[in-house]
Amino acid sequence: MGMTIAEKIIARAAGVDTVKAGDIHTVNLDRMMSNDGTTHLTVDMYHNKLNHPHIADTKKMVFIVDHNVPADNPKTAASQKKMRDFAREHNIDFWEGKGVCHQIMMEHYVCPGELIFGADSHTCTYGALGAFGTGVGCTDLLYGMVTGTSWVLVPETIKCNLTGRLPEGVYPRDLMLTIIGTIGANGANYQVMEFCGEGAKTLSVNDRMVLCNLSVEVGAKTAIFEADEIALEYLKARGREPKAVFRSDADASYVKEYTFDLSEIQPVAAKPDFVDAVVPAKEVCGVHIDEAFLGSCNNGRIDELRVGAAIVKGRKVSDHVRFLVVPASQEVYLQALEEGLIATFMESGAIVMNPNCSVCWGSCQGVIGENEVLISTGTRNFKGRAGHPSSKVYLGSAATVAASAVKGEICTADML
Amino acid sequence: MSSGKIFKFHNDLDTDQIIASQYLLLPNIEEMKVHAFESLNPEFPSQVKPGDYVVGGENFGCGSSREQAPSVLKALGVQAVIAKSFARIFYRNSINIGLPVIVCKELPDAVQDGDEMELSLTEGVARAGGKTYSCTKLPEYMQKILSEGGLIASLNKEEA
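Rules and cut-offs
Every chain's residues receive numbers from 1 upward, in the order its sequence appears when written. Here the convention is simple: chains get letters from A, ligands get numbers from 1, in the order in which they are written. Where local features are concerned, this predicted model is filtered to residues with pLDDT of at least 70; where side-chain atom pairs are given and counted, the filter is 80 or more; whole-chain, interface and lining totals use all residues. Each side-chain value is worked out from all heavy atoms of the structure, with water and hydrogens disregarded. Accessible area is worked out with a 1.4 Å probe on protein chains only. A residue is then buried under 20% of its type maximum, exposed over 50%, and partly exposed in between. Only runs of H or I of at least four residues qualify as helices and only runs of E of at least two qualify as strands under DSSP, and these elements are numbered from the N terminus. We call a set of buried Ala, Val, Leu, Ile, Met, Phe, Trp, Tyr and Cys residues a nonpolar core when their side-chain atoms join them within 4.5 Å. By the convention used here, residues are in contact when the closest approach between their heavy atoms is within 4.5 Å. A 1.4 Å probe defines the accessible area here, and the buried area is the portion of it lost by two parts on being joined, summed over both. Note on definitions: salt bridges are taken to be side-chain nitrogens of Lys or Arg within 4 Å of carboxyl oxygens of Asp or Glu. Each residue receives one of three labels: charged for Asp, Glu, Lys and Arg, nonpolar for Ala, Val, Leu, Ile, Met, Phe, Trp, Tyr, Cys and Pro, and polar for the others, Gly being one of them.

## Examining helix H1 (residues 5–14) of chain A
Residue and element names in this part refer to chain A.
- Within H1, nine of the ten residues are buried, leaving the element largely enclosed by the surrounding structure.
- Considered for burial, the residues of H1 that qualify are Ile5, Ala6, Glu7, Lys8, Ile9, Ile10, Ala11, Ala13 and Ala14.
- The positive-phi residue at the C-terminal boundary of H1 is Gly15, with phi of around 70°.

## Re the nonpolar core
- Counting residues in hydrophobic clusters, the biggest one holds 91 residues, and the most contacted among them are B:Ile18, B:Phe44, B:Phe60, B:Leu73, B:Val81 and B:Phe86.
- A per-element tally of this core places H1(A) first, with seven residues.
- When neighbours within four sequence positions are excluded, B:Leu73 is seen to be in contact with B:Ile18, B:Phe37, B:Phe44, B:Val78, B:Val81, B:Phe90 and B:Leu99.

## Quick word on the interface of chain A and chain B
- Taken together, the 54 residues of chain A in the interface contact 44 residues of chain B.
- Contact between chain A and chain B buries roughly 4,000 Å² in total, counting both sides, with carbon and sulfur atoms accounting for 57%.
- Its largest share of buried area at the contact with chain B, chain A owes to A:Thr139, A:Tyr143 and A:Trp151, together 17% of the area lost on that side.
- In this assembly, chain A and chain B are joined by three salt bridges.
- Counting residues per element, the ones that place at least two in the side of chain A that touches chain B are helix H2 (39–48), helix H3 (74–89), strand S6 (132–135), helix H5 (138–147) and strand S7 (149–153) of chain A.
- With seven residues, H5(A) is the single largest residue contributor to the side of chain A that touches chain B.
- In terms of residue class, the side of chain A that touches chain B is made up of 21 nonpolar, 23 polar and ten charged.

## Topic: the environment of A:Ala14
- Tracing the chain through its elements places A:Ala14 in helix H1.
- Put simply, A:Ala14 and A:Val27 are 13 residues apart on the chain and 4.2 Å apart in space, counted from C-alpha to C-alpha.

## Details of the side chain of A:Ser358
Residue and element names in this part refer to chain A.
- With respect to the element layout, Ser358 can be found in the loop between strand S16 (351–352) and strand S17 (373–376).
- The exposure class assigned to Ser358 is buried, which follows from its relative accessible area of 0%.
- When sequence neighbours within four positions are dropped, the list of residues in contact with Ser358 reads His67, Phe293, Leu324, Val326, Met353, Cys364 and Gln365.

As far as function goes, none of this settles anything; it's purely spatial.
Dropping the structure here:
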């Protein structure tokens with residue numbers, strides 16, 4: 001029996017010839033990422049719970065302060081200081097305020113064929129480069145840091161065939177939200193989504209990140225694309241080499257298969273409070289909004305900033321809307337500056353912020369108050385996700401978010 | 001295991017509801033635990049007693065990987081979480097910190113918030129309302145981590 005890409009990565013990391021779904025293996029982790037959401041707890045456990053505190057290989061570790069940066073209160077500052085001091089003491093690569101963790105990882109670390117643990121659920125983003133990235137908690141992260149290893153239950157793989165090409169004005173985010181609406185919030189629990197087919201060839205690495213990033217919203221352990229010439233080009237431009245380039249075998253085993261025709265995808269939105277409550281965007285047009293957010297590890301890259309800027313150019317943000325624009329990294333921010341996008345956003349009345357997780361995770365600048373409504377390119381729309389428990393979050397594409405910011409109510413770009 | 005009261009929650013219960021983002025960077029779990037389930041039942045931290053149970057539906061613990069979610073439940077004395085199915089990160093985190101997470105297909109629909117139940121991990125059964133429900137056994141590997149008191153306790157044992 002052949003193996004899928006995910007199975008081949010696990011086999012490589014486990015040092016065995018073959019693995020199959022359902023097996024449990026001990027794997028050598030290629031890399032581990034931890035952010036300020038949990039690292040203060042990891043550091044406390046390191047000092048207080050371990051009989052023999054040590055780090056297997058500091059070069060495998062990356063610490064990134066991105067969730068609440070810069071700190072907004074003394075307790076947050078203390079937790080981040082604990083993380084910063086630990087990183088410096090142990091010579092761990094440390095990033096602060098330079099970007100959302102997954103964007104930093106994609107720009108500077110992730111290589112095809114690697115098995116990466118991240119103490120953040122959206123670590124599945126790394127599949128865009130043919131790596132196996134998966135989210136874990138801080139205890140798993142600590143175990144990996146100390147031993148360089150972890151245990152992995154080999155997941156089943158779902159094949160997602162992509163055909164056709166996205167129509168004009170429709171984006172990878174519309175595609176992924178449509179997929180989430182189709183298979184449901186529990187539709188890929190503990191499984192891998194493998195994206196393939198001719199449609200995949202029409203998607204850039206940035207586009208693939210949008211798809212892989214949200215795979216955790218259907219419960220997936222990770223999502224993955226083959227590291228094809230598009231991925232290898234991205235890698236080469238950044239001076240990195242693949243760890244290993246794997247293709248799924250023709251006789252690999254898949255638990256399920258789906259086909260999504262990109263040419264049939266339309267703008268969609270996810271309604272509060274569940275990511276799989278996905279409807280055509282037209283169905284929620286007219287909903288009054290208080291805030292609009294363009295950013296996040298899902299949708300804060302240069303592609304989305306270009307889309308948003310093109311829509312607000314020469315227009316004004318509605319006077320009852322706060323429009324937050326948050327580039328996913330400083331690299332993205334600088335590119336946007338160079339292209340004049342930041343000026344365009346500011347002239348429209350948007351609030352341009354430093355790279356961070358922002359309102360997407362509901363504990364940073366920009367949180368919304370009682371009964372307020374947000375339209376967002378963030379990752380989630382759970383109850384209270386962006387602030388007060390009574391507030392509401394709709395998810396849509398960068399185009400829908402920017403158009404809604406101008407109109408003051410949810411609308412698609414063609415309605416302006 | 002002893003009898004405890006059930007606190008019942010809905011399908012696709014996400015970890016933001018168990019502990020909201022705004023509390024995650026507090027210094028420790030003790031400071032966080034008083035905010036458990038704040039969005040759904042602000043009285044939960046004062047009502048829950050050591051030995052009580054949290055019962056969910058499908059996909060319990062979906063969303064964020066925040067380990068603070070199972071940690072605040074454990075710190076409040078929750079004996080185990082029983083659900084029809086669990087999201088994988090919450091499931092793994094719970095075992096890693098020594099909080100039993102039990103898959104039971106029938107019990108969640110048969111019980112109400114406030115009912116009493118008891119659970120026997122060794123027998124793999126739960127009892128409520130005079131009925132006995134069978135639970136899915138944990139894979140041996142995870143059972144071992146749980147019985148040793150969590151992953152870090154296992155690690156300390158390995159490295160002893």
